[in-house]
Amino acid sequence: MIAQRTAVLVVEDEALVRMGIVDELEDAGFEVFEAANSVAAIEILIANPRIEVMFTDVDMPGGVDGLKLAASVRDRWPPLTIIVTSGLRSVATESLPVRARFMPKPYNPDVVVRSIREMMAQ
């Protein structure tokens, strides 16, 4: 039996930033889905129940930022591992859903990969 790769959803409105982390995660062996905003992210999560991790930017257009998205996802898909990132602000642990982490931008892709693996092992 072939082991299924961990599925990660990257939510980032800046296309170049999104493409960069998607490439890094795919190179690390993850199956990656991508969304440019919160609405698309929810649609992808509904259509792909095997997604186990969401890596989301905080500041996105459309009225639902990454923090609101993370809270909504935690309520609807409690087992999902969540990492929130931002280059514009620092997010306190108290502002995050349970079992979520904050990672400031610019982030090191190796640290993102390691954090995902650590969180999945817990």
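For the structure, see preceding data.
Residues numbered from 1 in each chain as written. Predicted model: local features only at pLDDT ≥ 70, side-chain atom pairs only at ≥ 80, totals over all residues. Heavy atoms only, no water.

**Some words on the overall build of the protein chain**
In terms of regular secondary structure, the protein chain is built from 4 helices and 5 strands. For 122 residues, the compact-globule estimate of 2.2 N^0.38 gives 14 Å, and the protein chain sits close to it at 13 Å. Counting only C-alpha atoms and orienting by the principal axes, one finds that the protein chain spans roughly 40 × 30 × 25 Å. Counting only residues that meet the buried cut, the protein chain has 46% of its 122 residues in that class. Contacts in the protein chain between residues far apart in sequence, at least 24 positions, make up 60% of those at least 6 positions apart. Surface accessibility of the protein chain: about 6,600 Å² in total, with carbon and sulfur atoms responsible for 54%. Taken together, the 12 basic and 18 acidic charged side chains of the protein chain have centroids lying 5 Å from each other. (Helix = DSSP H or I, 4+ residues; strand = E, 2+ residues; numbered from the N terminus. Rg over C-alpha atoms; globule rule 2.2 N^0.38 Å. Buried < 20%, exposed > 50% of the residue type's maximum accessible area, 1.4 Å probe, protein only. Contact = heavy atoms within 4.5 Å. Areas by Shrake-Rupley, 256 points an atom, 1.4 Å probe, with all protein chains shown as cover. Lys, Arg positive; Asp, Glu negative; His and termini not counted. Charge placed at Lys NZ, Arg CZ, Asp CG, Glu CD.)

**A look at helix 1 (residues 15-27)**
Here helix 1 spans 18 Å end to end across 13 residues, near enough to the 18 Å set by a 1.5 Å rise per residue. Taken together, the buried positions of helix 1 are occupied by Arg 18, Ile 21, Val 22 and Leu 25. Projected down its long axis, helix 1 shows its buried positions confined to an angular sector of 105°, all on one face. In helix 1, the exposed positions angled more than 90 degrees off the buried face are occupied by Leu 16 and Asp 27. Of the surrounding elements, those touching the buried residues of helix 1 are strand 1 (7-11), strand 2 (31-35), strand 3 (51-57) and helix 4 (109-121). Gly 29, located one to two residues past helix 1, shows a positive phi value of around 100°. (Expected span 1.5 Å × (residues − 1). Arc of directions from axis to C-beta.)

**A closer look at the nonpolar core**
Grouped together as the largest cluster of nonpolar side chains are 24 residues, with contacts concentrated most on Leu 9, Val 11, Ile 51, Met 54, Leu 69 and Val 73. Dropping the residues within four chain positions of it, Met 54 is found in contact with Leu 9, Val 11, Leu 69, Ala 70, Val 73, Leu 80, Thr 81, Ile 82 and Ile 83. Judged by nonpolar contacts, the second largest core, of 16 residues, contains Ile 21, Leu 25, Val 32 and Val 112. (Core = buried A, V, L, I, M, F, W, Y, C linked by side-chain atoms within 4.5 Å.)

**Considerations on helix 2 (residues 38-47)**
Of all the positions in helix 2, only Ser 38, Ala 41, Ile 42, Ile 44 and Leu 45 are classed as buried. Mapping the buried residues of helix 2 onto a view down its axis gives an arc of 165°, with all of them on the same face. Facing away from the buried side of helix 2, by more than 90 degrees, are the exposed residues Val 39, Glu 43 and Ala 47. In this fold, the buried residues of helix 2 make contact with strand 1, strand 2, strand 3 and helix 3 (66-76).

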